[in-house]
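# Coordinates in review
Given next are the chains, with one letter for each unit.
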Amino acid sequence: MSAGRMDELFENTVEILLDAAFDDGRWGDAFRAIDRLCGLNGGQFTALAANPEGVAEATFAACWIDGDPHQEIVADWVENYASFSENVPRIGALPAWRLTHNEALFTPAEKRTSPMYNEFQPKYDCRDQLAVVVDRWSDGRAGDVCLFWTMANAEPGWEPDKLKRIRGLLPHIRQAVRVRRELVAAEALAYAEMSALPEQTALGVAFLDRRGAIASANRTARRTLRDRGCIHEWRGELRARLPRDDARLRALVSRALPRLGQVPVGGSMSLRCPAGLPVILHAHPVAPRRADFGAERIAALVLIRDPDANRLDAERVGDLLGLTAAESRLAVLLGQGRSVRDIARELDRSENTVRWTLKNVLSKTGAARQADLVRLLLQLPPGGDA
């Protein structure tokens, strides 16, 4: 191929990469162009990050061959080889942009016994491959995160001109995936801001990142974590007080987070509290169906229903609304959804007496009807937050 034609292919590949950074649908075209320019038989991009135990774990992996996604290859690797792929942590430790041949990533003994070397790589014709760390960044908690690229050769040998083209593409690939990660992270923040319930709601809302750390939480969630005793924040994660509850909580959160080769699933549980009613948790996955290349993003939504969180206190209601003790008690019972008949029975009063007291409450609060009074009560600041 002439030098002029090669330059044209290079410029076209860079242009498609720039498009793919903003359009998730163009990644197939980008990797088809990369294969054609560099004489490759596809490759896999993998993001590695330390899990809460400090062990390197793949958080993203995607394989393209001639522009077509082959996630069945990723699924096979995740299910059968990832836990003992000797080469993966060694790739993660490489300096950025150092092209390293597959043969250098296995010891002589491993070449005789490794399932990764002797089964997986021959199965997909990728033993003659190069690996390179495309980018590194820090998530601020667990050290470096890296994105690496393993590429399979479609031609005999790795000629100097081919290596030069690959090295020339690396800054453009890095730029494209950086933009993609930033956009995914920005979309996640926008999702959290759009989805979070108002701060005064009785429902606690917490967003978790892909490792289960709390990315953001509304006021009710923060107060429940601070005050209730049965659930709290520890090193940025949701934890329960009782060991049995804590194990169930961690399992619930883990199932809702994205894991390679697994479909995240939601679930619910209750937590026993030292006093008062149990706290109810709902964990729901938030999984974008797009390439994120290891971006820090919102991965799960946790809803915390604390029946005691915004329980109305008669004395406080009376102080805030200028009501007598009897009027405050009536207002609180109405706010809890009781009917006039139920209140009369509970207070051992006639229904006429309850209605007369209600009339005085409506007059003092300026509420036109009972529903307006209940709405006013629900808008009162919780105890301690006035």
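One can find the structure itself at the top, above this paragraph.
Because the structure is a prediction, the values reported are computed rather than measured.

Conventions used here
Residues numbered from 1 in each chain as written. Predicted model: local features only at pLDDT ≥ 70, side-chain atom pairs only at ≥ 80, totals over all residues. Heavy atoms only, no water. Core = buried A, V, L, I, M, F, W, Y, C linked by side-chain atoms within 4.5 Å. Buried < 20%, exposed > 50% of the residue type's maximum accessible area, 1.4 Å probe, protein only. Helix = DSSP H or I, 4+ residues; strand = E, 2+ residues; numbered from the N terminus. Contact = heavy atoms within 4.5 Å. Phe/Tyr/Trp six-rings, centres within 6.5 Å; stacked < 30°, edge-to-face > 60°. Lys NZ or Arg CZ within 6 Å of the ring centre and 35° of its normal. Axes fitted to C-alpha atoms, helices over the stretch in contact; angles between N-to-C directions. Parallel < 35°, antiparallel > 145°, perpendicular 65-115°, else oblique. Left-handed = near helix turned anticlockwise from the far one by under 90°. Nonpolar A, V, L, I, M, F, W, Y, C, P; charged D, E, K, R; others polar. Pairing = 2+ DSSP bridges. Salt bridge = Lys/Arg side-chain N within 4 Å of Asp/Glu carboxyl O. Disulfide = S-S within 2.5 Å.

### Some details on the nonpolar core
Within the largest apolar cluster, 41 residues are counted, with the highest numbers of intra-cluster contacts made by Trp27, Phe45, Trp149, Met151, Ile173 and Phe293. Residue assignment for this core shows that the elements contributing at least two residues are α1 (3-22), α2 (27-38), β1 (40-50), β2 (56-65), β5 (129-138), β6 (144-153) and α7 (160-195). Here this core takes 8 residues from α7, the largest share from any one element. Excluding its chain neighbours within four sequence positions, the residues that come into contact with phenylalanine 293 are Trp27, Phe31, Phe45, Ala47, Phe60, Trp64, Trp137, Leu147, Val177, Arg180 and Arg181.

### Topic: the packing of aromatic side chains
The full count for this structure, using the stated rule, is 11 aromatic pairs. Taking the centre distance of 5.2 Å and the plane angle of 45 degrees together, the rings of phenylalanine 60 and phenylalanine 293 count as tilted. Placement of phenylalanine 60 in strand β2 and of phenylalanine 293 in the loop between β12 (279-285) and β13 (298-305) is noted, with a sequence separation of 233 residues between them. By the burial criterion, phenylalanine 60 is buried, and phenylalanine 293 matches it. Here the aromatic residues Trp27, Phe31, Phe45, Phe60, Trp64, Trp149 and Phe293 are joined through ring pairs into a cluster of three or more. Residue placement shows lysine 162 over the ring face of tryptophan 158; its charged tip is 5.1 Å from the ring centre.

### Let's talk about the packing of helix α12 (residues 340-347) against helix α13 (residues 351-365)
Axis angle and axis distance: for two packed helices, these are the angle between their axes and the distance between the axes, and together they describe the pair. Between α12 and α13, the shortest axis-to-axis distance is 9 Å and the interhelical angle comes to 110 degrees. Between α12 and α13, the crossing angle belongs to the class labelled roughly perpendicular. Here α12 and α13 pass one another in a crossing that is right-handed. Between α12 and α13, the contacting residues are Val340, Arg341, Ile343 and Ala344 on the first element and Glu351, Val354 and Arg355 on the second. Class assignment of the residues belonging to the contact of α12 with α13 gives a composition of 4 nonpolar, no polar and 3 charged.

### Re the packing of α1 against α2
Contact geometry for α1 and α2: axes closest at 8 Å, N-to-C directions at 155 degrees. As summarised for this structure, α1 and α2 are arranged roughly antiparallel, according to the angle between their axes. By crossing handedness, the relation of α1 to α2 is classed as left-handed. Contact residues: α1 offers Met6, Leu9, Phe10, Thr13, Ile16, Leu17, Ala20 and Ala21, while α2 offers Trp27, Asp29, Ala30, Ala33, Ile34 and Leu37. Partitioned by chemical class, the residues of the contact of α1 with α2 number 12 nonpolar, 1 polar and 1 charged.

### With respect to the pairing of strand β9 (residues 231-234)
Two elements, β9 and strand β10 (residues 237-240), share 4 bridges in a ladder whose sense is antiparallel. The partner of histidine 232 across the bridge, within β10, is arginine 239. Connecting the antiparallel pair β9 and β10 is a turn made up of 2 residues, with arginine 235 showing a positive phi of about 55 degrees.

### Quick word on the side chain of glutamine 129
Tracing the sequence through the fold places glutamine 129 in strand β5. Once residues lying within four places of it in the same chain are set aside, the contact partners of glutamine 129 are Asn87, Thr100, His101, Asn102, Gln121, Thr150, Met151, Ala152 and Trp158.

### Focus: the pattern of salt bridges
Summed over the entire model, instances satisfying the criterion amount to 20 salt bridges. Note that arginine 181 is salt-bridged to aspartate 135, the shortest N-O span being 3.0 Å. Note that arginine 181 is positioned in helix α7 and aspartate 135 in strand β5, a separation of 46 residues in sequence.

### Quick notes on the sheet that holds β13
Pairing is antiparallel across the open sheet formed by 5 strands, whose spatial order is β8-β7-β13-β12-β11. A single partner strand is all that each edge strand has here, and the edge strands are β8 (214-217) and β11 (267-271). The mean inter-strand angle of the sheet, taken between neighbouring strand axes irrespective of direction, is 20 degrees. As paired strands, strand β7 (residues 203-209) and β13 are joined by 7 bridges and run antiparallel to one another. Across the sheet, residue valine 205 finds its bridge partner in β13, namely leucine 303. Contacts between helix α9 (residues 243-256) and the sheet are confined to β7, β11, β12 and β13, with β11 contributing the most and set at about 160 degrees to the helix.

### Structural notes on the sheet that holds β1
With antiparallel pairing, 6 strands are arranged side by side in an open sheet as β3-β2-β1-β6-β5-β4. A single partner strand is all that each edge strand has here, and the edge strands are β3 (68-69) and β4 (100-101). Here β1 pairs with β6 via 7 bridges, running antiparallel. Along β6, the bridge assignment pairs glycine 43 with methionine 151. Here α2 sits on the sheet and contacts β1, β2, β3 and β6; the angle it forms with β1, its principal contact strand, is near 120 degrees.

### Re the state of the cysteines
In total, this model carries 1 disulfide according to the counting rule given. Between the sulfur of cysteine 230 and that of cysteine 273 lies a disulfide, 2.5 Å long from S to S. Here cysteine 273 lies in the loop between β11 and β12 and cysteine 230 lies in the loop between α8 (219-227) and β9, a separation of 43 residues in the sequence. Each member of the pair, cysteine 230 as well as cysteine 273, carries the same accessibility label: buried.

### Some words on the environment of alanine 62
For alanine 62, the position within the fold is in strand β2. Owing to a relative accessible area of 8%, alanine 62 belongs among the buried residues under this scheme. Alanine 62 sits 230 residues away from aspartate 292 along the chain, and the two C-alpha atoms are 10.0 Å apart. The residues touching alanine 62, leaving out its near neighbours within four places in the chain, are Gly43, Gln44, Phe45, Gln71 and Val74.

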